[in-house]
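Examining the three-dimensional arrangement
Each chain is listed here by its residues.
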Amino acid sequence: MKRAGIFGLITGILFFSCGQIQYANIDMPPKRVKLIKDFGEDASKMILKELKKELKTALKTKGSVGAIDVCSKKALEITQEVAEEIGDIEIKRTSFKYRNPKNRPDRYETEALSFFEKTLRETGKIPPYYIQKINGEYRYYKPLKVQGVCLTCHGDPKSMDPRVVEKLRQLYPEDKATGYKLGDFRGVIRVTIPEDVIKKSCL
Ligand code: HEC
């Protein structure tokens, strides 16, 4: 206990005195970091663009309740399609407070989500990315912030349309993804890139 306390203190001093946040779970040459970042950003932007386009059309033509169907039936499908289009990569959306149990974080995603939350607590800012290297692959994580439109389905149930709340309750009886406020850290997009792809591009 005492030892853990001293260890924590030293880690804290090191963290603050160096003022340096480690954005990856290993040391990497800057060139490699840049390549992974570019790859991850491109893929996440593509997926965000597709999801937003779909959501906007659905909200306009079907209203909030109808748009839930689009999110629940199409989000995973769209994610898969974008990954296949780019090729060789995997994309997943995950969060500590997930709505669909299929989006539950695994061990490594839990570590990444904790990094974002811890850094936000300590610096007041959501860090722009996180990279992990695990068994022959890189994982790039892009954080997602809650915007106005998200509150329609992820806000405080008391101020949401009761029909939306009811529909969500039916589809996701164990929904954890409500109660968010504007600007909150919502979760991440994870882009997995095989090490070979990065190595090839480094040549
Ligand atoms: C019309 C309702 C609706 C709106 C608006 C909406 N979402 Fe969602 N969101 C959902 C549904 C439904 C799911 C579950 C999707 C599934 O089953 O894969 C979901 C899932 C997610 C997930 C995956 C993790 C999880 O909880 O399962 C993230 C991340 C997410 N939403 C972020 C956002 C963000 C950020 C916005 C705003 C830009 C937003 N959502 C707007 C309905 C919505």
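Residues numbered from 1 in each chain as written. Predicted model: local features only at pLDDT ≥ 70, side-chain atom pairs only at ≥ 80, totals over all residues. Heavy atoms only, no water.

1. Some points on the site of the ligand
Condition: Here, proximity means that at least one heavy atom of the residue falls within 4 Å of the molecule or strand. For this analysis, a polar contact is any N or O atom pair within 3.5 Å, provided that within protein one partner can donate a hydrogen and the other can accept it, and provided that sequence-adjacent residues contribute only side-chain to side-chain pairs. Secondary structure follows DSSP: runs of H or I at least 4 residues long count as helices, runs of E at least 2 residues long count as strands, and numbering of each begins at the N terminus. Following the grouping adopted for this structure description, the nonpolar residues are Ala, Val, Leu, Ile, Met, Phe, Trp, Tyr, Cys and Pro, the charged ones are Asp, Glu, Lys and Arg, and the polar ones are all others, Gly among them.
The local shell around the ligand holds 22 residues, among which Arg99, Cys150, Cys153, His154 and Arg186 are the closest. Between the ligand and Asn103 there is a distance of 2.7 Å, counted from an oxygen atom to a side-chain nitrogen or oxygen. Elements represented by at least two residues in the shell around the ligand include exactly α2 (30-86), β3 (137-145) and α4 (151-154). Examining the composition of the shell around the ligand, we find that seven residues originate from one element, α2, more than from any other. Tallied by class, residues from the shell around the ligand come to twelve nonpolar, five polar and five charged.

2. Focus on the pattern of salt bridges
Formally: Salt bridges are defined as contacts in which a side-chain nitrogen from Lys or Arg sits within 4 Å of a carboxyl oxygen from Asp or Glu. Relative accessibility under 20% of the residue-type maximum defines a buried residue, over 50% an exposed one, and the middle range a partly exposed one, all with a 1.4 Å probe and only protein chains included.
One pass over the structure, following the stated rule, counts 19 salt bridges. A salt bridge links Asp69 to Lys73; its shortest N-O distance comes to 3.9 Å. One end of the pair is Asp69 and the other is Lys73, both in helix α2 and four residues apart, which spans about a single turn. Glu109 is paired through a salt bridge with Arg139; the nearest N and O atoms lie 3.9 Å apart. Taken together, the residues Glu109 in helix α3 (residues 107-123) and Arg139 in strand β3 connect sequence positions 30 residues apart. Judged by its relative accessible area of 0%, Glu109 is buried. Looking at Arg139, the relative accessible area reads 7%, which means it is buried.

3. Some words on the packing of aromatic side chains
In plain terms, the rule: The rule is short: rings of Phe, Tyr and Trp, with Trp giving its six-membered ring, pair when the centres are within 6.5 Å, and they are stacked under 30 degrees, edge-to-face over 60, tilted in between.
The final tally for this structure, using the stated rule, is seven aromatic pairs. Ring centres of Tyr23 and Tyr129 lie 5.2 Å apart, and the angle between their planes is 25°; on these two criteria the pair is classed as stacked. Within this pair, whereas Tyr23 is found in the loop between α1 (2-18) and α2, its partner Tyr129 is found in the loop between α3 and β2 (130-134), the two being separated by 106 residues in sequence. A residue is classified by how much of its surface remains accessible, and Tyr23, at 28% relative accessible area, is partly exposed. The class for Tyr129 is buried, based on a relative accessible area of 11%. Ring geometry for Tyr129 and Tyr140: centres 6.0 Å apart, planes at 10°, overall stacked. On the criterion of sequence distance, the pair formed by Tyr129 in the loop between α3 and β2 and Tyr140 in strand β3 is long-range, its members being eleven residues apart. When its relative accessible area of 1% is taken as the criterion, Tyr140 is described as buried. Of the aromatic side chains, those joined through ring pairs into one cluster are Tyr23, Phe115, Phe116, Tyr129, Tyr130, Tyr140, Tyr141 and Phe185.

4. Overview of the nonpolar core
Heads up, the rule is: Take the buried Ala, Val, Leu, Ile, Met, Phe, Trp, Tyr and Cys residues and link them wherever side-chain atoms come within 4.5 Å; each set so joined is a nonpolar core. In this analysis, two residues are considered to be in contact whenever any of their non-hydrogen atoms come within 4.5 Å of each other.
Counting 23 residues, the largest nonpolar core has Met28, Ile36, Ile89, Ile91, Ile131, Val191 and Ile193 as the members making the most contacts within it. With nine residues, α2 is the single largest residue contributor to this core. Non-local contacts of Val191, meaning those with residues more than four positions away in its chain, are made with Gly40, Ala43, Ser44, Ile89, Glu90, Tyr138, Arg139 and Tyr140. Within the second largest apolar cluster, eight residues are counted, among which are Phe116, Tyr130, Tyr141 and Phe185.

5. Details of a negative patch on the surface
Short version of the rule: Put simply, a patch holds well-exposed residues, over 30% relative accessible area, that have no salt bridge, with like charges counted together within 9 Å and Val, Leu, Ile, Met, Phe, Trp or Tyr side chains within 5 Å. To be clear on the numbers: accessible area is Shrake-Rupley with a 1.4 Å probe, and residue cover counts the displayed protein chains and nothing else. Charge counting treats Lys and Arg as positive and Asp and Glu as negative, with His and both chain ends excluded. Just so you know, the charge point we use is NZ for Lys, CZ for Arg, CG for Asp and CD for Glu.
A cluster of like negative charges, contributed by Glu77, Glu81, Glu84 and Glu85, occupies part of the molecular surface. Relative to the helices and strands, Glu81 is located in helix α2.

6. Some thoughts on the coordination of the iron atom of the ligand
Filter applied, for reference: Each metal's donors comprise the N, O and S atoms found within 2.8 Å of it (within 3.2 Å for Na, K or Ca). Water is not part of the atom list, so some coordination spheres may appear incomplete.
Counting protein donors to the iron atom of the ligand gives just one, His154 (NE2), placed at 2.2 Å. Turning to its location among the elements, His154 is positioned in helix α4.

7. Here we look at the sheet that holds β2
Strands pair in a sheet through their backbones, by hydrogen bonds, and they do so in one of two ways: parallel or antiparallel. As a reminder of what qualifies: Strands were regarded as paired on the criterion that DSSP finds at least two bridges between them. Helix axes use the C-alpha atoms of the stretch in contact, all axes being lines fitted to C-alpha atoms, and the angles between their N-to-C directions lie in the range 0 to 180 degrees.
With antiparallel pairing, four strands are arranged side by side in an open sheet as β1-β4-β3-β2. The strands lining the two open edges of the sheet, one partner per strand, are β1 (90-94) and β2. Across the sheet, the mean angle separating the axes of adjacent strands is 20° when strand polarity is ignored. The pairing of β1 with strand β4 (residues 185-194) spans five bridges and is classified as antiparallel. If you follow Glu90 over to β4, its bridge partner there is Thr192.

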